[in-house]
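Structural overview
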Amino acid sequence: MCINSSNINQDQHCWTKPAVDRLVIIVLDALRFDFVAPSTFFPEKKPWMDKLPVLQRLAFKQGSSARIFKAIADPPTTSLQRLKGLTTGGLPTFIDVGNSFGAPAIVEDNFIHQLVINGKRVVMMGDDTWVQLFPHHFNKSYPYPSFNVKDLHTVDNGCIDHLFPSLYQEDWDVLIAHFLGVDHAGHIFGVDSVQMIEKLEQYNLLLEKVIKVLESQSGPGGIHENTLLIVMGDHGQTLNGDHGGGSAEEVETSIFAMSFKQPPVSIPPELDTSSCEQDLDGRKMCTSSIQQLDFAVTVSALLGVSFPFGSIGRVNPELYALGASKWNLEDTGAGDCKNQAKLQEWVQNYVNVLCINAWQVKRYIDVYSASSMIGFSSEDLLHISDIYNQAEGNWSNTKNFLLYENEQGHSLLPALRRQIDAYSNFLSNVSELARSKWTEFNLRMMGIGLAIMLMSVFIIFLAIWQSNRPQIAFPLPSGDSRISFDVIFAFFIVAIRACSLFSNSYILEEGKVAIFLLATTGIVKLQCSIMKKKMLPEAVVFLLLVSVLRFTIEIGLSKQAATSLFLNVSSSWMLRFAPDHPLWTYMSESGPILALILLAWLLYRTISSIYCQGIWKYVIMGTISSYILIAVHWGSESSISSVSSLLQGVGRSYIPRMVYTVGLGQLFLMAFGQLFSKEKALDEKWSLIMKTTAMLSAWSSTIIILSGQQGSLIALASVIGGYCILRLDSMEEDAISGTVRKLNFNPLAVTQWNLLAVCLFFATGHWCAFDGLRYGAAFVGCI
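Residues numbered from 1 in each chain as written. Predicted model: local features only at pLDDT ≥ 70, side-chain atom pairs only at ≥ 80, totals over all residues. Heavy atoms only, no water.

Topic: the overall build of the protein chain
Note the following rule: To qualify as a helix, a DSSP run of H or I must reach at least 4 residues; to qualify as a strand, a run of E must reach at least 2; elements of each kind are numbered from the N terminus. Only protein chains enter the accessibility calculation, which uses a 1.4 Å probe; a residue is then buried when its area is under 20% of its type maximum, exposed when over 50%, and partly exposed in between. Only heavy atoms matter for contacts: two residues are in contact if any of them lie within 4.5 Å across the pair. A 1.4 Å probe and the Shrake-Rupley method give the accessible areas. Residues count as covered only by the protein chains that appear here.
Looking only at helices and strands, the protein chain has 26 helices and 9 strands in total. Looking at the protein chain residue by residue over its 783 residues, the buried ones come to 50%. Intrachain contacts of the protein chain at a sequence separation of at least 6 include 74% that bridge at least 24 residues. Working note: accessible area of the protein chain is about 37,600 Å², and carbon and sulfur atoms make up 61% of it.

The following block contains the structure:
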């Protein structure tokens, strides 16, 4: 029975006896639910489904003690937050995403810490994030660098090298092996790729061997007689291999749990969350569901260690039953007294676990509310306290009833089930309250923050206006009214974009909004060009560029264009080319290099001008040299065999470092030229153009190589778009030159520059979400 909370202190053990002696946790990073569940659970079978048949065979085998769970994670679905949530039993915070590139040690109470202080020996291998989070907790650890998403095999091979020898050893109680191949294959190649399928098939063979080793030593007296195997993902991934957000593909992962005890177990129907389908042979297949929030307390209960102090999860009955039961309840009937007694014993034990679980959560909520400046409101605390007190009062009455009914020989199951409902109601209310307070946003505070931002922008605008007031002159109403239309139209475009910020889908749709507004300005410029019969080619080219950017934003130039998902959607566009078709390969490999050559030629034309002199000329020459080095680097990584063999061993790591060095030298050179170099008197306009060109070119080489092969295409698009904007703007200045003394800027042109920059950002395949980061940029130049 649960010990009353008033008699419990931190130094006493009030937990139930361990249900399992050893626990093997195999984490397959970014394991989607449809990687594990049978394809019959989904409307359409995909190539990556049913690639882990060993798990399906064991889970749906008659009389098996294995089960597949759909595990629901809480966003953000980055690996650091998921590991933190899995081990602490708490909800992740978005602010922790900043630590994903260098995880600090977890200071909160957690499952790993409880294992250590309870004398359990833990061995870890694989993703080095575990060592960063738990630096002094493992008896043995074999960490491997996890951040290089281009490396599909180093972490996995390291895990395999240490996993199988460890399975034969007795110097551990919990073994954790964290594989990263599926996650990295998704980031680089996408879910629907040959590399992904190869990784899943490799994992299937691996798991088959692991299960075979565990089964061979699970007999009486064997080291794995009472071992529980858990194969799980920390999060899912989108079809493009990204994760971090809250979409169903990202939050739905899988847990496969297998006990080596025989015979199998069952639980009362009201605790069963199974979802069942039938395969082609008419065989019934069922999967259960679990919240990742419940993982820490469930495995703690199975191992008989204290629950993490900050956990707000509930001990999952199905996963707990898998490891905590030793009897067959498949055919439990009302007249089977022996099995009925065992079922009653299990339910009573589970109620006791929930009692401790509820006490721990209530204690945490009380301490948190007393120590936190924000905490929960008094109404919320009163509500959950009432629910907890009702559950505790009901438990006091139930214990007396159990003693009386047990003496009379009556069934105790109805009373126990009511108690399970009472504790489950309390725990679910706490988790819902925590999610509403910790993961949802305060719209009132957001509105105040937005108002402050708008005020600051308005103040800055006034400051700029006052500083430029003597130089800016707008045409009088009696003159050409074109500039006034531009001001009004630019204000209208900016206002629409500002209003779109209030849309709940703006994070995902910002690129489409920006390109729509940019296209609108382009149509206005085209109309003006036709009416004035000037700059028509520039207006047409600008609209064509906008159309191309719209297409690249839609499909994602960086990653989606290389996947069969894009080809399935746009097969008619690409003439039904397969991803490995030679024509598609040559186009994708040669296009970026040709764009680099064109950019280098444009810079060469610039330095040939009589206005380009002194230090600025050498800065631009450095950029041209960097472009040549980048072309060689891309050629060394080319999938065209003739090119890659010719450049084998050249530029893989040294060329990017040379580009970084040249870029840094250019910046120092420009700073020196601006501070100490004396220039000859030049035309002020051309001097400004040369300095601007030198500064942009100095940054461009580093940005291009970090952006990948689409970087040169985006840079070329920015040059073309910028040129068209300047030319179309000059058409307006010429038209009003008689009425305007000096014009520093055209508001519509400035708006176009801003929208073009936003569109170019999204055209690279980025978007404003954690899963839209380009992680591969960190490894350009790494050995």
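This is not the end of the story, as more comes after the structure.
Some points on empty space enclosed by the protein
Just so we agree on the cut-off: The way it works is a 1 Å grid over only the protein atoms, where trapped points that fit a 1.4 Å probe form a cavity and open points with protein on both sides within 12 Å along at least five of seven lines form a pocket, and then any residue with an atom within 4 Å of a point lines it. Grid points are joined across faces, edges and corners, and a volume is the space filled by probe spheres set on the points. In the scheme used here, Gly and all other residues not listed as nonpolar or charged are polar, with Ala, Val, Leu, Ile, Met, Phe, Trp, Tyr, Cys and Pro taken as nonpolar and Asp, Glu, Lys and Arg as charged.
One pass over the full model with this rule turns up 2 cavities of 30 Å³ or more. Of the pockets and cavities examined, the largest cavity occupies roughly 70 Å³. Lining of the largest cavity is provided by I25, V27, L83, L86, T87, F111, I112, W130, I176, M232 and F295. Top contributing element to the lining of the largest cavity by residue count: helix α3 (residues 79–88), with 3 residues. Considered class by class, the residues forming the lining of the largest cavity number 10 nonpolar, 1 polar and no charged.

A look at helix α8 (residues 194–216)
Definition in use: Expected span, for any helix, means 1.5 Å times one less than how many residues it has.
Spanning 23 residues, α8 covers 33 Å between terminal C-alpha atoms, matching the ideal 33 Å at 1.5 Å per step. Among the residues making up α8, those that are buried are M196, I197, K199, L200, Y203, N204, L206, L207, V210, I211, V213 and L214.

Description of the confidence of the model for the protein chain
Here is the rule we go by: One number per residue, pLDDT, summarises how confident the predictor is, and it ranges from 0 to 100.
When pLDDT is averaged across the protein chain, the result is 79; 77% of the residues are at 70 or more. Contacts from residues 557–577, a stretch scored under 50 in pLDDT, to residues over four places away or in other chains number 39 contacts. Note on residues 738–743: pLDDT is under 50 here. Beyond four places in sequence and across chains, it has 11 contacts.

Looking at the pattern of salt bridges
When the charged atoms of two side chains lie near each other, side chains of opposite charge can form a pair. Note the threshold: Throughout this description, the term salt bridge denotes a Lys or Arg side-chain nitrogen within 4 Å of a carboxyl oxygen of Asp or Glu.
Under the defined criterion, the tally for this structure stands at 14 salt bridges. Between D50 and K45 there is a salt bridge whose closest N-O contact spans 3.7 Å. In this structure D50 comes out as partly exposed when scored by relative accessible area, which is 23%. Overlapping salt bridges bring together R32, D34 and E249 as one network.

Description of the sheet that holds strand β6 (residues 227–232)
The line we're drawing: Strands pair, by our definition, only if DSSP identifies at least two bridges between them. Geometry is summarised by axes, namely lines fitted to C-alpha atoms with helices restricted to the contacting stretch, and by angles between N-to-C directions that run from 0 to 180 degrees.
The strand order across the open sheet formed by 9 strands is β4-β3-β5-β1-β6-β7-β2-β9-β8, and the pairing between neighbours is mixed. The open sheet terminates on both sides in strands that have one partner only, identified here as β4 (140–144) and β8 (275–278). Neighbour-to-neighbour, the strand axes of this sheet turn through a mean angle of 15 degrees, independent of strand direction. Pairing of β6 with strand β7 (residues 252–259), which is carried by 5 bridges, proceeds in the antiparallel orientation. Within the sheet, the bridge partner assigned to L229 lies in β7 and is M258. Taken strand by strand, helix α11 (residues 317–324) contacts β2 (66–72), β7 and β9 (284–291), and its axis lies near 150 degrees from that of β2.

So, the packing of aromatic side chains
For clarity, the threshold we go by: Ring pairs shown here join Phe, Tyr and Trp side chains whose ring centres sit within 6.5 Å, with only the six-membered ring taken for Trp; geometry is labelled stacked below 30 degrees between planes, edge-to-face above 60, and tilted in between. Distance and angle both matter: a charge sits over a ring if NZ of Lys or CZ of Arg is within 6 Å of the ring centre and within 35 degrees of the ring normal.
Going through the model one piece at a time under the given rule, you end up with 9 aromatic pairs. Clustering of aromatic rings is evident, with ring pairs tying together W130, F134 and F138. Over the ring of W172 we find R22, and its NZ or CZ is 3.7 Å from the ring centre.

Some remarks on the environment of I523
Counting through the fold element by element, I523 comes out in helix α17 (residues 506–532). In this structure the C-alpha to C-alpha distance between I523 and A539, which are 16 residues apart in sequence, comes to 8.1 Å.

Examining the pairing of β9
The sheet contact formed by β2 and β9 spans 4 bridges and is parallel. From the neighbouring strand, I72 faces β9, where its bridge partner is Q291.

Notes on the packing of helix α6 (residues 154–167) against α8
Helix-helix packing is characterised by the crossing angle of the two axes and by the distance between the axes. How we decide: In these notes the angle categories are as follows: under 35 degrees is roughly parallel, over 145 is roughly antiparallel, 65 to 115 is roughly perpendicular, and the rest is oblique.
At a minimum axis distance of 10 Å, the contact between α6 and α8 shows a crossing angle of 10 degrees. What the angle tells us is that α6 and α8 run roughly parallel. Along the contact surface, α6 presents D156, N157, I160, L163, F164 and L167, while α8 presents K199, Q202, Y203, L206, K209, V210, V213 and L214.

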